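# Chain and residue survey
Listed below are the residues making up each chain.
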Amino acid sequence: MAKKMRTTEQRSIDPATQEMLIRADSLGIGTAFTRADDMAPCPIGADGMCCKHCGMGPCRLTKDGSVGICGATIDTIQARNLVRAIAAGSAAHSDHGRDMAFTLKAVANGEAEGYSLRDVAKLRTVAAKYDIPIEDRAPEEIANDLADLYIAQFGQQKGKIIPVSRAPQKRQKLWEEQGVIPRGVDREVVEALHRTHIGDDQDPEHLLQHAIRTALADGWGGSLMATDISDILFGTPAPVLGQANLGVLQADMVNVVVHGHEPTLSEMIVAASQDPEIIAYAQAAGAKGVNLSGICCTANEILMRQGIPAAGNFLQQELAIITGAVEAMVVDVQCIMQALVGLAGNFHTKIITTSPKVKIKGALHMQFDEHQAMTIAKNILKEAIDNFKNRGEISIPDVREDLIPGFSHEYINYMLGGSYRASFRPLNDAIMSGRIRGVAAIVGCNNPRSQHDYLHTYVTRELLKQDVLIVETGCGAIASAKQGLLLGEAGLDKVGPGLQEICETIGIPPVLHMGSCVDNTRILTVLTQMVEEGGLGDDIDQVPAVGLAPEWMSEKALSIGAYCVASGVYVIFGGTSPVRGMANKVTDSDAVAHYISAGWEEIYGGKLEFVVDPDEMIRRTLAHIDKKRAALKLPEYDPTRFGASGDSRMMELEDLPLAERQAAMYGAAS
Ligand code: NFS
Ligand code: SF4
């Protein structure tokens with residue numbers, strides 16, 4: 001079959017990316033974009049119908065009704081593959097959470113050089129949720145107890161992991177009845193591997209039930225703990241001004257790009273880069289200073305807390321190096337392409353691995369240890385500065401966009417409260433009145449199989465026109481940032497009339513950047529608080545909300561999708577389905593695809609679907625939101641009811657007591 005080479009415009013909608021892809025071509029350098037064109041995905045594996053779980057295989061099931069050597073059916077193999085992917089995703093997020101807990105423990109005991117407990121208020125709030133005594137105690141004592149409690153969740157063998165207690169009551173009861181509350185984070189991941197070994201669990205529905213439990217160990221376990229601790233150690237995000245895209249690299253400075261996921265390293269590199277000793281060292285090398293920027297979720301972590309610019313999202317990691325202006329790319333864990341090392345060989349860039357868990361052949365390994373964090377961070381920066389003199393010709397795209405990230409659930413709660421009190425009431429009211437039709441979370445990766453950033457931003461723009469408030473995380477948030485969608489009032493004219501009123505009244509962008517992928521738990525918290533606020537049902541599945549991952553590629557994304565479904569959310573993924581079934585001409589088997597959609601919806605009220613066409617994603621999103629509105633007996637969405645005059649009306653209503661305000665806003669609707 002002839003290879004299909006795409007044009008630069010077909011590969012990405014982002015001008016900085018296009019410019020660097022042209023440069024890569026002229027230098028004869030391959031990237032993930034060209035490799036994706038060179039290699040068609042294996043259709044059998046893509047549909048989840050290849051099994052490599054034992055040495056009798058690999059078994060490739062290519063015909064309807066065919067089975068593996070052991071007799072495993074297509075349904076079983078698809079379910080097993082999905083369970084394993086979700087287990088890997090859950091493991092990645094949760095192991096990140098574990099390391100954060102160890103860091104918290106070290107900080108509490110004065111053993112972590114350079115770190116402090118930056119948000120004591122959040123520490124106290126979180127500790128109080130678990131009945132850890134907080135009165136008359138030093139923050140370190142509280143932090144030590146919280147760290148112990150969180151560390152224990154990973155190895156716990158029986159009972160329930162404790163953060164689950166933060167879900168809506170009704171949801172917890174449902175999970176209890178279904179037997180899917182994680183007993184311990186590690187236990188569920190291990191059991192997922194056990195159950196999918198040759199000759200174990202072979203009932204697809206039973207396997208997929210454990211996929212839910214394993215994913216919940218991520219969303220209401222490892223990830224939630226990671227977010228809590230990151231906020232406690234580095235500060236709970238609040239809006240700051242930031243920038244995104246490759247144009248944040250600077251010609252006259254030492255450029256250090258931090259890439260990966262764990263904020264423990266990147267936060268310390270931020271601190272070290274501002275140290276007078278390091279600045280002097282850079283100046284002695286002939287540079288103006290050290291310019292830090294981030295890629296992937298590390299970018300999100302330091303962007304939303306420190307305003308450190310994001311050089312780009314997942315598919316731009318190679319392109320940053322192709323500028324020729326990066327002295328060092330410092331990586332820790334997850335989403336780091338092995339191609340970086342070979343690519344960097346064409347330039348002077350040093351790839352520095354830092355995690356005891358991640359080495360890449362040919363990279364420089366400078367192992368990070370939170371006990372000597374500041375010393376190691378400075379050594380890493382000196383290595384980069386020493387490399388400045390080796391820089392060759394550079395070409396930095398003059399493309400960057402401002403953005404305002406940092407909408408933690410705490411901040412959203414605070415900002416919505418406006419003049420009367422910190423609360424989710426105004427958001428619930430706006431949804432109930434129909435000013436906001438519903439909420440969509442648009443999250444997840446880039447994938448070189450689809451046009452870079454296109455699906456994220458197309459779906460975002462179209463839903464905004466339909467008065468859907470958008471929250472974003474991960475590489476999707478960076479995609480929107482680069483397109484100027486995360487800016488205060490700019491672009492509000494392209495937003496539906498009701499949503500425009502709300503954004504103007506509260507003073508928020510219509511797309512809220514909520515952090516890294518681990519921070520998708522912030523979205524779970526927002527949904528829970530909306531439920532608790534009242535008026536939108538008594539569980540998450542009743543809220544008019546949808547989750548989308550239009551350009552997903554990682555196993556972590558599948559875990560996020562599954563825990564959102566288990567929490568009651570309708571989740572739509574773009575691209576290929578790992579359980580494609582019917583859509584593939586080879587087989588009529590769609591039992592697994594059907595089960596994770598209709599089957600899961602019957603149990604959890606949420607469902608997981610894979611949809612290629614973005615207009616179909618939008619159609620299904622709006623249909624779901626409208627269905628949920630109708631079930632809540634909310635007025636039908638009608639954009640003509642709101643408009644320019646609404647602004648002053650909102651202001652008037654704000655002064656009325658709650659009951660009167662609601663009566664005025666919804667009229668006869670109960
Ligand atoms: Ni999320 Fe973050 Fe990006 Fe995908 Fe990778 S960086 S954890 S996995 S690619 S969104
Ligand atoms: Fe084949 Fe069964 Fe072994 Fe899988 S577990 S490789 S289907 S024999």
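Quantities reported herein were computed from a predicted structural model and do not represent experimental measurements.

### A closer look at the site of ligand 2
If you check the shell around ligand 2, you find Cys51, His53, Cys54, Met56, Gly57, Cys59, Gly68, Ile69, Cys70, Ile77, Arg80 and Ile198 and nothing else. Mapping ligand 2 onto the cavity grids shows that it belongs to the second largest cavity. For the shell around ligand 2, the residue count by class is 8 nonpolar, 3 polar and 1 charged. Composition of the shell around ligand 2 by domain shows at least three residues from each of domain 1 (12-60) and domain 2 (74-234).

### Notes on the sheet that holds strand S14 (residues 545-549)
One open sheet holds the 6 strands; their spatial order is S13-S12-S11-S14-S15-S16, and the pairing between them is parallel. Edge positions in the sheet fall to strand S13 (511-513) and strand S16 (607-610), since each of these pairs with one other strand and no more. Recorded for the sheet is a direction-independent mean angle of 20° between the axes of neighbouring strands.

### Quick word on the packing of aromatic side chains
Evaluated as defined, the whole model comprises 10 aromatic pairs. On the numbers, 5.5 Å between centres and 55° between planes, the contact of Tyr411 with Tyr414 is tilted. Note that Tyr411 and Tyr414 are positioned in helix H17 (residues 409-417) at a spacing of 3 residues, about one turn of the helix. Accessibility expressed as a relative area gives 57% for Tyr414, which makes it exposed. Through successive ring pairs, a cluster of aromatic residues spans Phe407, Tyr411 and Tyr414. One residue, Lys382, lies across the ring of Tyr281, its end atom 5.7 Å from the ring centre.

### Here's the deal with the domain arrangement of the protein
Here the protein is described as being made up of domain 1 (12-60), domain 2 (74-234), domain 3 (242-390) and domain 4 (406-575 + 612-641). The distance between the C-alpha centroids of domain 1 and domain 3 comes to 26 Å. Taken together, the contact pairs 14 residues of domain 1 with 14 residues of domain 3. Summing the contributions of domain 1 and of domain 3, the shared interface buries around 1000 Å²; its carbon and sulfur component is 70%. Broken down residue by residue, the surface that domain 1 buries against domain 3 is led by Met20, Ile29 and Phe33, which jointly contribute 40%. Viewed at the interface, domain 3 and domain 1 are joined by 1 salt bridge. Salt-bridge contacts for Arg35 lead to Glu318; the nearest nitrogen and oxygen are separated by 2.9 Å. In this structure, the connection of domain 1 to domain 3 is made through 6 residue pairs in polar contact (both at pLDDT 80 or more).

### Focus on the coordination of the nickel atom of ligand 1
One donor from the polypeptide reaches the nickel atom of ligand 1: Cys517 (SG), at 2.1 Å. One can describe the donor arrangement at the nickel atom of ligand 1 as irregular, given that its 4 donor atoms subtend angles of 90 to 166° at the metal. Counting through the fold element by element, Cys517 comes out in the loop between S13 and helix H22 (520-533).

### Details of the layout of surface pockets
Empty pockets left among the atoms are what a rolling probe the size of a water molecule brings to light. Considering only enclosed or pocket space, the second largest pocket measures out at about 370 Å³ in volume. Forming the boundary of the second largest pocket are 21 residues, of which Lys129, Arg166, Thr525, Gln529 and Glu532 lie nearest the centre. At the level of secondary structure, the elements contributing two or more residues to the lining of the second largest pocket comprise helix H6 (120-129), helix H8 (169-178), helix H10 (204-234), H17 and H22. Class assignment of the residues belonging to the lining of the second largest pocket gives a composition of 6 nonpolar, 8 polar and 7 charged.

### A few points about helix H18 (residues 425-433)
Most of H18 sits out of view: 9 of its 9 residues are buried. Of all the positions in H18, only Arg425, Pro426, Leu427, Asn428, Asp429, Ala430, Ile431, Met432 and Ser433 are classed as buried. Remark: Gly434 follows H18 within two positions and exhibits a positive phi of approximately 95°.

### Concerning the nonpolar core
Membership of the largest hydrophobic core comes to 167 residues, with the highest contact counts inside it found for Trp175, Leu463 and Met530. Among the elements that line this core, the one with the most residues is H10, at 15 residues.

### As for helix H20 (residues 474-482)
Owing to its 3.6 residues per turn, the α-helix brings residues three or four apart onto one side. Most of H20 is tucked away: 9 of the 9 residues are buried. Just beyond H20, the residue with positive phi is Gly484, at close to 75°.

### Some details on the pairing of strand S15 (residues 570-573)
Covered by surrounding structure in S15 are Tyr570 and Ile572 together with Val571 and Phe573, the residues of both alternating faces. Pairing of S14 with S15, which is carried by 4 bridges, proceeds in the parallel orientation. Considered in S15, the bridge of Val546 is made with Tyr570. In terms of strand pairing, S15 meets S16 through 4 bridges, oriented parallel. Note that in S16 the partner of Tyr570 across the bridge is Lys607.

### Structural notes on the site of ligand 1
Contacts to ligand 1 come from His261, Cys296, Cys297, Phe314, Cys335, Gly444, Cys445, Cys475, Cys517, Met553, Ser554 and Lys556. Judged by the fraction of its atoms near the pocket grid, ligand 1 is located in the largest cavity. Across the shell around ligand 1, the residue classes break down as 8 nonpolar, 3 polar and 1 charged.

### Here's the deal with the environment of Ile77
Along the chain, Ile77 falls in helix H5 (residues 74-108). You can call Ile77 buried: its relative accessible area is 1%.

### Section: empty space enclosed by the protein
In this structure the tally under the stated criterion is 6 cavities of 30 Å³ or more. In this structure, the largest cavity occupies an estimated 340 Å³ of space. Forming the walls of the largest cavity are 34 residues, and the residues nearest its centre are Val443, Gly444, Asn520, Leu548 and Ile560. Within the residue set of the lining of the largest cavity, elements represented by two or more residues are helix H13 (296-306), strand S11 (438-442), H22, S14, helix H23 (555-566) and S15. Tallied by class, the residues present in the lining of the largest cavity amount to 27 nonpolar, 6 polar and 1 charged. Looking at which domains feed residues into the lining of the largest cavity, each of domain 3 (242-390) and domain 4 (406-575 + 612-641) supplies at least three. Computed from the structure, the second largest cavity encloses a volume of approximately 80 Å³. Along the lines of polarity and charge, the residues of the lining of the second largest cavity split into 8 nonpolar, 3 polar and 2 charged. Two domains share the lining of the second largest cavity, each providing at least three of its residues, namely domain 1 (12-60) and domain 2 (74-234).

Each value, and the rule that gives it
Residues numbered from 1 in each chain as written. Chains lettered and ligands numbered in written order. Predicted model: local features only at pLDDT ≥ 70, side-chain atom pairs only at ≥ 80, totals over all residues. Heavy atoms only, no water. Near = heavy atom within 4 Å. 1 Å grid on protein atoms, 1.4 Å probe; cavity = no way out; pocket = protein on both sides within 12 Å on 5 of 7 lines; lining within 4 Å. Sits in = over half its atoms within 2 Å of the grid points. Nonpolar A, V, L, I, M, F, W, Y, C, P; charged D, E, K, R; others polar. Domains from an automatic or database assignment. Pairing = 2+ DSSP bridges. Helix = DSSP H or I, 4+ residues; strand = E, 2+ residues; numbered from the N terminus. Axes fitted to C-alpha atoms, helices over the stretch in contact; angles between N-to-C directions. Phe/Tyr/Trp six-rings, centres within 6.5 Å; stacked < 30°, edge-to-face > 60°. Buried < 20%, exposed > 50% of the residue type's maximum accessible area, 1.4 Å probe, protein only. Lys NZ or Arg CZ within 6 Å of the ring centre and 35° of its normal. Contact = heavy atoms within 4.5 Å. Buried area = accessible area lost by both parts, 1.4 Å probe. Salt bridge = Lys/Arg side-chain N within 4 Å of Asp/Glu carboxyl O. Polar contact = N/O pair within 3.5 Å; in protein donor to acceptor, adjacent residues only side chain to side chain. Donors = N, O, S within 2.8 Å, 3.2 Å for Na, K, Ca; no water. Tetrahedral: all angles 85-135°; square planar, octahedral: opposite > 155°, others 65-115°. Points joined across faces, edges and corners; volume = space filled by probe spheres on them. Core = buried A, V, L, I, M, F, W, Y, C linked by side-chain atoms within 4.5 Å.

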